[in-house]
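Below, each chain spelled out in residue letters.
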Amino acid sequence: MYLEIITPDKKVFAGEVVAAQFPGANGSFEVLDSHAPLISTLDRGQIRVTTNKGQEFYTVDGGVVEVLNNKIIVLAESVIV
């Protein structure tokens, strides 16, 4: 599955992932391979990205996520370091 995390300033992450967990507006949810199509708003919180090399974490200040055909696009307000 391919994931992109994009802010208005830059592309924060782009690559193949095994799973991704998001801070949805109605609660946390996880996306795995062959997930159903989905569009959701994101609250401020942590995105957990699981790759073959391990886990990475990105804290976002809200945004939108779209899942379609094993591609995940996150349009984040900002990524907090």
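Residues numbered from 1 in each chain as written. Predicted model: local features only at pLDDT ≥ 70, side-chain atom pairs only at ≥ 80, totals over all residues. Heavy atoms only, no water.

(A) Layout of the pairing of strand E2 (residues 11-16). Pairing analysis gives five bridges linking strand E1 (residues 2-6) to E2, with the strands arranged antiparallel. Within E2, the position partnered with Ile 5 by the bridge is Phe 13. (Pairing = 2+ DSSP bridges. Helix = DSSP H or I, 4+ residues; strand = E, 2+ residues; numbered from the N terminus.)

(B) View of the nonpolar core. One finds Leu 3, Ile 5, Phe 22, Val 49, Ile 72 and Val 74 to be the most contacted residues of the largest nonpolar core, which totals 19 residues. When residues of this core are traced back to their parent elements, those giving at least two are E1, strand E3 (19-24), strand E4 (27-32), strand E5 (38-51), strand E6 (54-68) and strand E7 (71-76). For this core, the leading source of residues is E6, giving four residues. The residues contacting Val 74, other than those within four sequence positions of it, are Leu 3, Glu 4, Ile 5, Ile 6, Phe 22, Leu 42, Ile 47, Val 64 and Val 65. (Core = buried A, V, L, I, M, F, W, Y, C linked by side-chain atoms within 4.5 Å. Buried < 20%, exposed > 50% of the residue type's maximum accessible area, 1.4 Å probe, protein only. Contact = heavy atoms within 4.5 Å.)

(C) The arrangement of the pairing of E6 in detail. Bridging between E5 and E6 involves 13 bridges; their strand directions are antiparallel. The partner of Gly 45 across the bridge, within E6, is Val 60. As paired strands, E6 and strand E8 (residues 79-80) are joined by two bridges and run antiparallel to one another. Bridge pairing links Val 60 to Val 79 in E8. Direction of pairing for E6 relative to E7: antiparallel, over a ladder of six bridges. The partner of Gly 63 across the bridge, within E7, is Ala 76. A loop of two residues connects E6 with E7, the two strands running antiparallel in sequence, and Asn 69 in this loop sits at a positive phi of about 50°.

Function cannot be inferred from these measures alone, as they are strictly geometric.
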